[in-house]
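Chain residues, written in single-letter form:
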Amino acid sequence: MKILLVNPPNCGRSIPEEQYGIDSLKQIMRAEPLSLEALAGNLDEHEVRIVDLKAQPDTFGEALAGFAPDIVGITGVTCEANTMLKLASEVKRESEATVVVGGVHASNDPSFFNSADIDFIVAGLGKKSFRVLAEALRSGKGADEIPGVTRTNPGGSISLARRKCSGEDLVDDKPPRYDLVNMYREHYFLESLNLQFGLVSVAFGCPYRCSFCSIHHITGGTYLTHSTAAVLRDIRIFADLPAVIRLVDANTFGDAGHARCLAGEIIKAGIKKQFVADVRSDTVVRHPDLFREWKEAGLRSVIIGFEEVDDTRLSEINKVNTVAVNTEAIEILHDIGITIIGDFIVSPDYDDRQFQSLRNYLGEHPVDLPMLSILTPLPGTPLYESMKERIAIHDLDFYTLTNAVVPTNIPEKAFYENYADLMRSSHAGAKL
Ligand code: B12
Ligand code: SF4
C-alpha cells in the first residue's frame, strides 16, 4: 500500500504577541519527525513517503496529488490538533485515502479526533499497531480488534482499548527511516545556536506522573528502553552529519543500569558525537558517576525539568523532587562540565513576588539556558482534570505552553510583561 506520513506545519497562536505586541517569545526549532521515521521503519512491506510541513509548509497538496496514497497518517501535539483536523479534511476532499491520526494529542485526548474526516485513531506507541492496521486494511480483514487503535464513530462515542505497551512495541530490529527526510535535513537546525542535529530514541515513557505532563499515555506509564545495540546502530546512521544528537526521550536515564551500559558501549565503539538528553535532577544527584561516564561518552548538555523554585509548588504538581535536589544537580553538572537547559514552569497564578523568586533563583543558581513555559492544563493530564473548571481558552491552537489558558492572578498584560522580561533577561548571553 502507498502510505503518506504527515508532519503538520509549525502552528499555534500567541496571546502575548497578538494582544500585547510582545514578540520576543518566539523560538523556532525544527527537528526531524522521528515519530514518522520510526513508524516508516516498520512499514517495510509498503511504499512510504514523509511530507514534513514544518520544513516546507506549502507542499501538502502537491505531496497528496503526486503520490495518491491509500493511507495518510498524521502526527501531532496538542497545539497542532486543529491543524491535523484541517489536513484530514483536505485528504478527504481531494482523495479516497484512509486517514489515521496518532501521536501525543491522539494518545491523550482520542475523542477530539472523532470526526468524519478521520477513519482511525491510534493511541500510544504506534510502530507495531500501525503496521498491524495497515496489514488489516490491505487484506480487507477487520481492523476493529487492534489494541490501541479505534475506528472513529462521528456523532457517537468511541471506546478505545488502550494498548499495554511492552518492549515488543519498540520493534528494536527495525531502525527509523531517516533517509525518508534527506531532502529536508538542512532545515533541522537550531538557529539561535547555529547547530544542526539529529534525533535518536533511547527510551519511552516515564515511571513518574507529574500532573502537567502528557507522556503517560504514550506507554501507559511503563518505562521501556531500546537495546544498546539498536541505539548504537541509530547513532551510527548519522555517520558524518550532524555532530550533535538529541536523545529525544522524556527521561533518557530512567534506568541507570541501562544508561551506564550505553555510555560504556559508546565509548568502546569510539563514537565521536555530542549528545543532549533529558534527565531528572534526582538522577544526577543519585548517580553523579553516571554523568561523568556520559561526559566521556560525549554528553554535552542535559535538559532538566526543574519546574518550580518552591517545594510546595513542586509537590502540587507531583514532581516528587525538591528545590535542594535541583540546586545540588546544578552544582554537580557544572562541576563535571555538562551544560544545562533548565525547564521552568510559570503558573498563571504567579504574582510579582513569585516572578521575583524565580528571577532570584536563576540569578543565584545560573543554568546555561533557562526555558520558561506557562503551566497549561493539557487534555488527558491530571492537571487538566483539576483545572478544567477554570479554563477560559479551549481553542487548542493556544496550547503551545506559552499562553495562560486560565485567568491570570495579576492583570494579564503585567503577567506577560513579567514573563517576557524574565525570558529576555535569562536568555541574554546564553550559550551551550
Ligand atoms: C522532538 C520534539 C519536537 C520537535 C520535532 C517534532 C516534529 N514532529 O517535528 C520540535 C522541536 C519541532 C517540537 C516542537 C514542539 N513541541 Co515537541 N517534542 C519533541 C520530543 C522531545 C520528542 C518527540 C519524539 O520525536 N519522540 C520519539 C518518537 C519516536 O515518539 P513519539 O513522537 O511518541 O511517536 C510514537 C507514538 O506517539 C506514535 N505516533 C506518533 N505519531 C503518530 C502518527 C500516526 C499516524 C500513528 C499511527 C502513530 C503515531 O507512534 C510513534 C512510534 O511509536 C517530545 C518529548 C517526548 N519525549 O516525547 C516533545 C513534545 C512532543 N513536544 C511538546 C511541545 C509542547 C512542543 C511545542 C509546542 C513547543 C514547546 N513549547 O515545547 C512545539 C510544537 C510544534 C509547533 N509549534 O507546531 C510536548 C507536547 C505536549 C502536548 N500534549 O502538546 C512534548 C511531549 C514535550 C513536553 N514539553 O511535554 N517538538
Ligand atoms: S519526570 Fe519528566 S517525563 Fe516523567 S512524568 Fe515528570 S515531567 Fe513527565
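Residues numbered from 1 in each chain as written. Chains lettered and ligands numbered in written order. Predicted model: local features only at pLDDT ≥ 70, side-chain atom pairs only at ≥ 80, totals over all residues. Heavy atoms only, no water.

1. Some words on the site of ligand 1
In the neighbourhood of ligand 1, 39 residues make up the surrounding shell, with Cys-11, Thr-75, Thr-78, Gly-126 and Val-248 lying closest. In this structure, an oxygen atom belonging to ligand 1 sits 3.0 Å away from a main-chain N or O atom of Gly-126. In this structure, a nitrogen atom belonging to ligand 1 sits 3.2 Å away from a main-chain N or O atom of Ala-250. Going through the elements one at a time, helix H2 (34–41), strand E3 (71–74) and helix H6 (127–139) are the ones with two or more residues in the shell around ligand 1. Residue contributions to the shell around ligand 1 peak at three residues, all from H2. Looking at the shell around ligand 1 residue by residue, the classes come out as 22 nonpolar, 12 polar and five charged. Two domains each provide a minimum of three residues to the shell around ligand 1, namely domain 1 (2–166) and domain 2 (188–427). (Near = heavy atom within 4 Å. Polar contact = N/O pair within 3.5 Å; in protein donor to acceptor, adjacent residues only side chain to side chain. Helix = DSSP H or I, 4+ residues; strand = E, 2+ residues; numbered from the N terminus. Nonpolar A, V, L, I, M, F, W, Y, C, P; charged D, E, K, R; others polar. Domains from an automatic or database assignment.)

2. Comments concerning the state of the cysteines
Using the criterion set out here, one finds zero disulfides in the structure. You can see Cys-79 has no disulfide; the closest cysteine sulfur is in Cys-11, sitting 5.1 Å from it. (Disulfide = S-S within 2.5 Å.)

3. Notes on the domain arrangement of the protein chain
Per the domain assignment, the segments making up the protein chain are domain 1 (2–166) and domain 2 (188–427). Summarising the inter-unit geometry, the C-alpha centres of domain 1 and domain 2 are found 25 Å apart. Of the residues lining the interface, 36 residues belong to domain 1; the matching set on domain 2 comes to 40 residues. Regarding the contact of domain 1 and domain 2, the summed buried area is about 3,300 Å², with carbon and sulfur atoms giving 64% of it. Taken together, the connections running from domain 1 to domain 2 amount to zero salt bridges. Counting the contacts that link domain 1 with domain 2 gives 10 residue pairs in polar contact (both at pLDDT 80 or more). Of all the secondary structure elements, the ones that give two or more residues to the side of domain 1 that touches domain 2 are helix H1 (15–20), helix H4 (81–94) and helix H5 (104–108). (Contact = heavy atoms within 4.5 Å. Buried area = accessible area lost by both parts, 1.4 Å probe. Salt bridge = Lys/Arg side-chain N within 4 Å of Asp/Glu carboxyl O.)

4. Description of the pairing of strand E15 (residues 369–374)
In terms of residue burial, E15 counts as a mostly covered element, since five of its six residues are buried. Note: strand E14 (residues 339–346) against E15, six bridges, orientation parallel. When the sheet's bridge partners are listed, Ile-345 is paired in E15 with Ser-373. Between the parallel elements E14 and E15, the chain passes through helix H14 (residues 352–364) in a crossover that is right-handed. (Buried < 20%, exposed > 50% of the residue type's maximum accessible area, 1.4 Å probe, protein only. Pairing = 2+ DSSP bridges. Right-handed = clockwise from strand over helix to strand, strands pointing away.)

5. What to know about the sheet that holds E15
Read across the sheet, seven strands follow the order E7-E8-E11-E12-E13-E14-E15 without closing on themselves; strand pairing throughout is mixed. Each edge of the open sheet is held by one strand with a lone partner, namely strand E7 (189–190) and E15.

6. Comments concerning the environment of Glu-364
Its place among the elements puts Glu-364 in helix H14. Residue classification places Glu-364 among the exposed positions, given a relative accessible area of 58%. Sequence separation between Glu-364 and Asn-10 is 354 residues, and the spatial gap between their C-alpha atoms is 35 Å.

7. What about unusual backbone geometry?
Even without being a glycine, Ala-68 presents a positive backbone phi close to 50 degrees. Mapped onto the secondary structure, Ala-68 falls in the loop between helix H3 (60–67) and E3. Here Val-171, not a glycine, exhibits a phi torsion of approximately 40 degrees, which is positive. You can see Val-171 is positioned in the loop between strand E6 (149–151) and E7.

8. Quick word on the site of ligand 2
Around ligand 2, the neighbouring residues are Cys-206, Tyr-208, Arg-209, Cys-210, Phe-212, Cys-213, Ala-250, Arg-280 and Lys-319. Class assignment for the residues of the shell around ligand 2 results in six nonpolar, no polar and three charged.

9. A word on the packing of helix H8 (residues 228–237) against helix H9 (residues 256–268)
One way to put it is that H8 packs onto H9 with a least axis distance of 10 Å and a crossing angle of 45 degrees. In terms of orientation, H8 lies oblique with respect to H9. Seen along the crossing, H8 lies across H9 with a hand that is right-handed. Taken together, the residues of H9 that come into contact with H8 (itself represented by Thr-228, Val-231, Leu-232 and Ile-235) are His-258, Cys-261, Leu-262, Glu-265 and Ile-266. Looking at the contact of H8 with H9 residue by residue, the classes come out as six nonpolar, two polar and one charged. (Axes fitted to C-alpha atoms, helices over the stretch in contact; angles between N-to-C directions. Parallel < 35°, antiparallel > 145°, perpendicular 65-115°, else oblique. Left-handed = near helix turned anticlockwise from the far one by under 90°.)

10. Digging into the nonpolar core
Counting 132 residues, the largest nonpolar core has Phe-291 and Trp-294 as its most contacted members. When residues of this core are sorted by domain, at least three fall in each of domain 1 (2–166) and domain 2 (188–427). Here Trp-294 is in contact with Leu-247, Phe-253, Ala-259, Leu-262, Ala-263, Ile-266, Phe-275 and Leu-299, once residues within four sequence places are set aside. Counting five residues, the second-largest nonpolar core is a separate cluster that includes Leu-125, Cys-165, Leu-170 and Leu-224. (Core = buried A, V, L, I, M, F, W, Y, C linked by side-chain atoms within 4.5 Å.)

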